[in-house]
Structure formats: structure tokens, C-alpha cells
Amino acid sequence: MNDMDGRRFRVHSDEVTKATHEALERRGVSVRDIAEIVYEMQVPYNDGLTMKHCIESVESVLKKREVQHALLVGIEMDELAEKGQLSRPLQQIVDSDEGLFGVDEMLGLGAVLTYGSIAVTTFGHLDKNKVGIINRLDTKTGEGVHTFLDDLVASVTACASSRIAHRTRDLEEEGKTYEDVSPEEVAPESHIDGAET
Ligand code: MG
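Residues numbered from 1 in each chain as written. Predicted model: local features only at pLDDT ≥ 70, side-chain atom pairs only at ≥ 80, totals over all residues.

Side note on the overall build of the protein
Next, step 1: Each helix and strand counted, the protein has nine helices and zero strands in total.
Next, step 2: Reading the protein from its N terminus to its C terminus gives the helix and strand order α-α-α-α-α-α-α-α-α.
Next, step 3: If you take every contact in the protein between residues at least 6 apart in sequence, the share linking residues at least 24 apart comes to 74%. (Helix = DSSP H or I, 4+ residues; strand = E, 2+ residues; numbered from the N terminus. Contact = placed C-beta atoms within 7 Å.)

Quick look at unusual backbone geometry
Next, step 1: A cis amide bond, omega 0 degrees, links R88 with the succeeding residue P89.
Next, step 2: Within the element layout of this structure, P89 appears in the loop between α4 (65-82) and α5 (90-95).
Next, step 3: Phi angles above zero are rare outside glycine, and D97 is one such case at about 50 degrees.
Next, step 4: Checked against the element boundaries, D97 lands in the loop between α5 and α6 (103-112).
Next, step 5: Note on D97: 18 C-beta atoms within 10 Å, which makes it partly exposed. (Buried ≥ 20, exposed ≤ 12 C-beta atoms within 10 Å, placed from the backbone.)

What about the packing of helix α2 (residues 31-42) against helix α9 (residues 149-173)?
Next, step 1: Running from N to C, α2 and α9 cross one another at 45 degrees; their axes reach a closest spacing of 9 Å. By the angle between their directions, the pair α2 and α9 is classed as oblique. Taken as a pair, α2 and α9 cross one another with a handedness that is right-handed. Residues I34, I37, V38, M41 and Q42 of α2 form the contact with α9, whose participating residues are V153, V156, T157, A160, S161 and I164.
Next, step 2: Grouping the constituent residues of the contact of α2 with α9 by class yields eight nonpolar, three polar and no charged. (Axes fitted to C-alpha atoms, helices over the stretch in contact; angles between N-to-C directions. Parallel < 35°, antiparallel > 145°, perpendicular 65-115°, else oblique. Left-handed = near helix turned anticlockwise from the far one by under 90°. Nonpolar A, V, L, I, M, F, W, Y, C, P; charged D, E, K, R; others polar.)

Digging into helix α3 (residues 51-61)
Next, step 1: Among the residues making up α3, those that are buried are H53, C54, I55, E56, S57, V58 and V61.
Next, step 2: Buried residues in α3 make contact with α2, α4 and α9.

Focus: the nonpolar core
Next, step 1: I34, V38, V58, V153, V156, C159 and A160 are the most contacted members of the largest nonpolar core, which has 45 residues in total.
Next, step 2: Ranked by the residues each element gives to this core, the list is headed by α9, at 10 residues.
Next, step 3: The contacts of A160, once residues within four sequence positions are left out, are I34, V38, C54, S57, V58 and V61. (Core = buried A, V, L, I, M, F, W, Y, C linked by C-beta atoms within 7 Å.)

Examining α4
Next, step 1: Over its 18 residues, α4 extends 26 Å from the first C-alpha to the last, a length consistent with the 26 Å expected when each residue adds 1.5 Å.
Next, step 2: Within the sequence span of α4, burial applies to V67, Q68, A70, L71, G74, I75, M77, D78 and A81.
Next, step 3: After α4 finishes, the residue G84 shows a positive phi value of roughly 70 degrees. (Expected span 1.5 Å × (residues − 1).)

Remarks on the confidence of the model for the protein
Next, step 1: The predicted model of the protein averages 89 in pLDDT, with 88% of residues at 70 or higher.
Next, step 2: Low pLDDT (under 50) marks residues 189-197, which in the prediction has 14 contacts with non-local residues, meaning those over four places away or in another chain. (pLDDT = per-residue confidence, 0-100.)

Topic: the packing of α3 against α9
Next, step 1: For the pair α3 and α9, interaxial distance at closest approach is 9 Å and the crossing angle is 120 degrees. In this view, α3 runs oblique relative to α9, as classed from their interaxial angle. Here the hand of the crossing between α3 and α9 comes out right-handed. Contact with α3, carried on its side by H53, C54, S57, V58, S60 and V61, involves V156, C159, A160, R163 and I164 of α9 and no other residues of that element.
Next, step 2: In terms of residue class, the contact of α3 with α9 is built from seven nonpolar, three polar and one charged.

What follows is the structure, given as C-alpha cells:
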């Protein structure tokens, strides 16, 4: 769509951020649900790590446009499939979470790439070993269609974990632990190439 000067209208970032949070809420996924998995995965390696640090990390990941776009596309697909509004044969493929349909995994994988190799390997781990909210979302065992959402939640979890792992190295080099870091402290995205929002 163009305005009178012929420029394309662009959606404001705030609107995309708001829509992302609303979509997750609508689908029954809270920031805390995701942070709980991050905490479980990272606490063995991080003295002083708290749920507050993990919540801050998830919130930071959810500010990234790359992640927001993936969530919006995937959740829309799940919701359309739930209403039976996709065309054949995609409707049947998404509705049944067809085993060889890998587009959901690829969307989740694409969103972790800016967080580096640790995020990629963590995503692979979560894809195989579904835990917490990711397990509850597994369409094959629960209600509704969450073909895309389980992978996207795994993606956000992997990104948030990777942020903490990278931060841990910085802290070690400064002779500190998470006990010395307030959860509100500026996010360490600046330490990862290309990871700025
Ligand atoms: Mg899936």
C-alpha cells in the first residue's frame, strides 16, 4: 500500500511488539513459561542466576523483529488451521502436524540464527527433548493446533539461553557471577555480532 507520495506504509515497531505479546498470550504462552525452561537449562552453569535474569532475557529476545515476525507468521498459521481456513492440502498437513512437514522447524531455526551457534544447537536439543511449555504445546498429545508454536517457543527459549551463556563468559572474564548482575541491567546483545534489535 502506498501513501500520496508513493512511499510504502510501514508498520511501527511498537505495533509489531504488541501484536507478538498478544499472540503469545492468546495461545496460552507466558514469558514466565519460557523463562522457566531457560532457568532450568542455565542454572547448573551459572552461580547466582535467578528467574528474574531469565525473564529479562526472554523479554529482550521478544523485542527482536526477526523473532517477532516468525512468531506472528507461525501463530497465524496455527490459528487458521484451527479454524479450518487453510486450503487443501496444507490444511490437513498443518492440522495433523505431519511428520515430514519441516517448515515449522525451519521458521523456528531461522529466528535463532542471529544468536549464534549455541542458539542453533540448543534449538536442536529442545526440538528433540520437548520440556515444560514446549511439551504441553505438542499437538500430538494436547488440544488445538500448535504445529508452529512449539518450534517457535523452542526458538525463543534457545535465543534467551544463548544470551545468558554469552553473558556468562563476559562475567567470568570480569571475575563476576550473576549474583553481581541486576536483572534490569542492559542486555548484552552488544557483545554478539548482528544481534542488535
Ligand atoms: Mg512443530
